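Structural description and commentary
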Amino acid sequence: DTAVSQTPKYLVTQMGNDKSIKCEQNLGHDTMYWYKQDSKKFLKIMFSYNNKELIINETVPNRFSPKSPDKAHLNLHINSLELGDSAVYFCASSQTPLSDTQYFGPGTRLTVL
Amino acid sequence: QKEVEQDPGPLSVPEGAIVSLNCTYSNSAFQYFMWYRQYSRKGPELLMYTYSSGNKEDGRFTAQVDKSSKYISLFIRDSQPSDSATYLCAPRGNNRLAFGKGNQVVVIP
């Protein structure tokens, strides 16, 4: 069974469009995250939710809006996509915000043309 | 200065060699130190973690932390082609992980 799943796996879209990425975890974890990995492979945290509450909000343009409808889901909506948004977006989860282990999803490769 | 610095490589070694990977960090708030492994086109997965200065061994892998110099190392003994991946140093503090760029390792059969 997949622990952390993301959809879609690939997303190709035009500049200016709005798109969403969905994430689900079946591990029963309280905490979920969104990371962005750019072309230089640098993995940077964007957001973290614990029990549906936002606990980490790094310096990210407000075009990015996370939503956590329940503990098992964390979605990412991106408005007015820009070329620089092209990256791989990883969802992750952990038991608690202080857990050592984070479990990552397979990633969503976003290409903005 | 970035919070976590790693030389991205790639580092190519013959099968059976010892691989030595290094990472430095700048934030004294980091108290826990993780190494994640990321295969090509996959998500990172936790390889090892350690809390204190010194060595921690797990099979062919040894993690070493020197908090006084903010220096972290990972050693892989008897490297295998299946060890070919990117290794991400990830110290933790203030409720978040800070990832380095990763060291890309290629083990040649």
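Here we summarise the structure given alongside this text. Because the structure is a prediction, the values reported are computed rather than measured.

Moving on: the environment of Lys-36 of chain A. All names here are of chain A. Tracing the sequence through the fold places Lys-36 in strand β4 (residues 31-37). Along the sequence, Lys-36 and Glu-53 sit 17 residues apart, while their C-alpha atoms lie 20 Å from each other. A polar contact of 3.1 Å, which involves the side chain of Lys-36, links it to the backbone oxygen of Gly-84.

It is worth spelling out the side chain of His-29 of chain A at this point. Relative to the assigned elements, His-29 of chain A resides in the loop between β3 (19-25) and β4. For His-29 of chain A, the side chain forms a polar contact with the side chain of Ser-93 of chain A, separated by 2.8 Å.

Looking now at the nonpolar core. Counting residues in each nonpolar core, the largest one holds 23 residues, and the members touching the most others are Val-4, Leu-21, Trp-35, Ile-72, Leu-74 and Tyr-87 of chain B. Elements supplying a minimum of two residues to this core: β3 (19-25), β4 (32-38), β5 (45-50), β7 (61-66), β8 (71-76), β9 (85-93) and β11 (103-108) of chain B. Here the element with the most residues in this core is β3 of chain B; it accounts for 4 residues. Look past the residues within four positions of Leu-74 of chain B in its chain and what remains in contact with it is Val-19, Ser-20, Leu-21, Trp-35, Leu-47, Met-48, Thr-62, Ala-63 and Tyr-87 of chain B. Judged by nonpolar contacts, the second largest core, of 19 residues, contains Met-32, Met-46, Cys-91 and Leu-110 of chain A.

Let us now look at the interface of chain B and chain A. Contacts between the two partners involve 19 residues from chain B and, on the opposite side, 20 residues from chain A. If you sort the residues of chain B by the area they bury against chain A, Arg-41, Phe-99 and Lys-101 of chain B come out on top, with a joint share of 29%. Counting every contact that joins chain B to chain A gives 0 salt bridges. For the pair chain B and chain A, the interface holds 3 residue pairs in polar contact (both at pLDDT 80 or more). Here the side of chain B that touches chain A gets 3 residues from one element, more than from any other, and that element is β4 of chain B. Tallied by class, residues from the side of chain B that touches chain A come to 9 nonpolar, 4 polar and 6 charged.

Our focus in this paragraph is the packing of aromatic side chains. Applying the stated criterion to the full structure yields 12 aromatic pairs over all chains. Ring geometry for Tyr-32 of chain B versus Tyr-51 of chain B: centroids 4.9 Å apart, planes at 85°, classification edge-to-face. On the criterion of sequence distance, the pair formed by Tyr-32 of chain B in strand β4 and Tyr-51 of chain B in the loop between β5 and β6 (54-58) is long-range, its members being 19 residues apart. Given the relative accessible area of 38%, Tyr-51 of chain B is considered partly exposed. Each residue in the set Tyr-33, Tyr-35, Phe-90 and Phe-104 of chain A together with Tyr-36 and Phe-99 of chain B is aromatic and connected to the rest through ring pairs, giving one cluster. Seen from the ring of Tyr-49 of chain B, Lys-56 of chain B lies directly overhead, with NZ or CZ sitting 4.2 Å from the centre.

Next up on the list: the sheet that holds β6 of chain B. All names here are of chain B. Pairing is antiparallel in the open sheet, where 5 strands are placed in the order β1-β3-β8-β7-β6. A strand with exactly one partner marks an edge of an open sheet, and here the two such strands are β1 (4-5) and β6. Note: β1 against β3, 2 bridges, orientation antiparallel. In the strand pairing of β3, Val-4 is matched with Tyr-25.

Another point: the side chain of Thr-31 of chain A. In this structure, Thr-31 of chain A sits in strand β4. The contact partners of Thr-31 of chain A, leaving out residues within four places of it in the chain, are Ser-48, Tyr-49, Asn-50, Ile-55, Ala-92, Ser-93, Ser-94, Gln-95, Thr-96 and Pro-97 of chain A.

Procedures and definitions
- Note that residues are indexed from 1 along each chain, following the sequence as it is written.
- Chains carry letters and ligands carry numbers; both start at the beginning, A for chains and 1 for ligands, and go up in the order they are written.
- Per-residue local features are limited, in this predicted model, to residues with pLDDT of at least 70; the limit for side-chain atom pairs, both in listing and counting, is 80 or more; totals at the level of whole chains, interfaces and linings are taken over all residues.
- Hydrogens and waters are ignored; side-chain quantities use all the structure's heavy atoms.
- In this description a helix means any DSSP run of H or I spanning at least four residues, a strand means any run of E spanning at least two, and both kinds are numbered starting from the N terminus.
- Pairing of N or O atoms within 3.5 Å defines a polar contact, subject to two protein rules: one partner must be a possible hydrogen donor and the other a possible acceptor, and residues neighboring in sequence count only if both atoms are side-chain atoms.
- Among buried residues, those of type Ala, Val, Leu, Ile, Met, Phe, Trp, Tyr and Cys that are joined through side-chain atoms within 4.5 Å constitute a nonpolar core.
- When a residue's accessible area, from a 1.4 Å probe over protein chains only, is under 20% of the maximum for its type it is buried; when over 50% it is exposed; and in between it is partly exposed.
- Contact criterion: two residues are considered in contact whenever any of their non-hydrogen atoms come within 4.5 Å of each other.
- Buried area is calculated as the accessible area (1.4 Å probe) missing from two parts once they are joined, with the contributions of both summed.
- One speaks of a salt bridge when a side-chain nitrogen belonging to Lys or Arg is within 4 Å of a carboxyl oxygen belonging to Asp or Glu.
- When residue character is reported, Ala, Val, Leu, Ile, Met, Phe, Trp, Tyr, Cys and Pro are called nonpolar, Asp, Glu, Lys and Arg charged, and the others, Gly included, polar.
- Aromatic contacts are taken between Phe, Tyr and Trp rings whose centres are within 6.5 Å, Trp giving its six-membered ring; a plane angle under 30 degrees counts as stacked, one over 60 as edge-to-face, and the others as tilted.
- Should the NZ of a Lys or the CZ of an Arg lie within 6 Å of a ring centre and within 35 degrees of the ring normal, that charge is described as sitting over the ring.
- Any two strands are treated as partners once DSSP identifies two or more bridges connecting them.

Bear in mind that shape data such as this cannot, by itself, settle questions of function.
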